[in-house]
Amino acid sequence: MAKITLNKTQKIISIIVAIILALVIAAGVYCVSTKQTPAEAVKTMFSTKDERIIGKWQSQTNPGLSAYVFNDDGTYDSYISVANFSGDYEVKGNKLYLKNPKTSKEIVYKFTVNEKELKLEVVEEDGNEPEEKDVSVYDRVEELNQKTLTDLLGEIKHSSETTTEE
């Protein structure tokens, strides 16, 4: 069997091709793991804002209790019932950083978003990993429908009364 020898130029080209191939494979793995298209991945790598997240989001499991509004200027409003907390947000890859300047609190979520649904998984709270991996799902809405705690407790009471009557 004849031994193939490469000249210096051929070796350099082979190394460059190997590096490009490794980068393409790594990018593919990144896109699959973050559930992003290559175009979305490139866009989010070079931007601190993600246009897909901008808008109003209402909790699927607790509508009226929990919601977010992400503005295109990098600010957000978080709602628990009718209480409002504001701050700044930043997107880095598939992570969403929420900072509240009044309390110096920061929470980091791993997120996925499509046109109608936002999934948030807590990965860090004030620099600490959470004890439980909390995942919340939000629906994109035109208007928020926040309820007072009294309304929510009334709904729970009504639901339990309806269940015991059956």
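Residues numbered from 1 in each chain as written. Predicted model: local features only at pLDDT ≥ 70, side-chain atom pairs only at ≥ 80, totals over all residues. Heavy atoms only, no water.

Let us now look at the packing of aromatic side chains. Under the defined criterion, the tally for this structure stands at six aromatic pairs. On the numbers, 6.5 Å between centres and 80 degrees between planes, the contact of Tyr68 with Tyr109 is edge-to-face. Separated by 41 residues along the polypeptide, Tyr68 in strand 2 (residues 66–70) and Tyr109 in strand 6 (residues 105–113) bring together distant segments of the chain. No difference in accessibility class separates Tyr68 from Tyr109, as the two residues are buried. Measuring from centroid to centroid gives 6.4 Å for Phe70 and Tyr76, while their planes differ by 35 degrees, and the two rings are tilted. Here Phe70 matches Tyr76 in class, with each residue buried. Through successive ring pairs, a cluster of aromatic residues spans Tyr68, Phe70, Tyr76, Tyr89, Tyr109 and Tyr138. The ring of Tyr97 carries the charged tip of Lys92 above its face, separated from the ring centre by 5.0 Å. (Phe/Tyr/Trp six-rings, centres within 6.5 Å; stacked < 30°, edge-to-face > 60°. Helix = DSSP H or I, 4+ residues; strand = E, 2+ residues; numbered from the N terminus. Buried < 20%, exposed > 50% of the residue type's maximum accessible area, 1.4 Å probe, protein only. Lys NZ or Arg CZ within 6 Å of the ring centre and 35° of its normal.)

Turning our attention to the side chain of Ser78. Position of Ser78 among the secondary structure elements: in strand 3 (residues 75–80). Classification of Ser78 as buried rests on a relative accessible area of 12%. Not counting residues up to four positions away in its chain, the partners in contact with Ser78 are Ala67, Tyr68, Ala83, Asn84 and Phe85. (Contact = heavy atoms within 4.5 Å.)

By secondary structure assignment, the location of Phe70 is in strand 2. By relative accessible area, Phe70 is classed as buried at 1%. A C-alpha to C-alpha distance of 6.6 Å links Phe70 and Lys56, two positions 14 residues apart in sequence. Dropping the residues within four chain positions of it, Phe70 is found in contact with Ile53, Ile54, Gly55, Trp57, Thr75, Tyr76, Tyr89, Leu96, Leu98 and Leu118.

Strand order in the closed barrel formed by eight strands is 1-2-3-4-5-6-7-8, and the pairing between neighbours is antiparallel. Recorded for the sheet is a direction-independent mean angle of 35 degrees between the axes of neighbouring strands. In the sheet, strand 3 pairs with strand 4 (residues 83–92) via six bridges, with the strands oriented antiparallel. Paired with Asp77 across the strands is Ser86, a residue of strand 4. (Pairing = 2+ DSSP bridges. Axes fitted to C-alpha atoms, helices over the stretch in contact; angles between N-to-C directions.)

Formed by 18 residues in total, the largest nonpolar core has its most connected members in Phe70, Tyr89, Leu96, Leu98 and Leu118. If one sorts the elements of this core by residue count, strand 6 sits on top with four residues. (Core = buried A, V, L, I, M, F, W, Y, C linked by side-chain atoms within 4.5 Å.)

Per-residue confidence for the chain averages 84 on the pLDDT scale, and 83% of its residues sit at or above 70. Averaged pLDDT values over the elements of the chain bottom out at 66 in helix 2 (residues 38–45) and peak at 95 in strand 1 (residues 55–59). (pLDDT = per-residue confidence, 0-100.)

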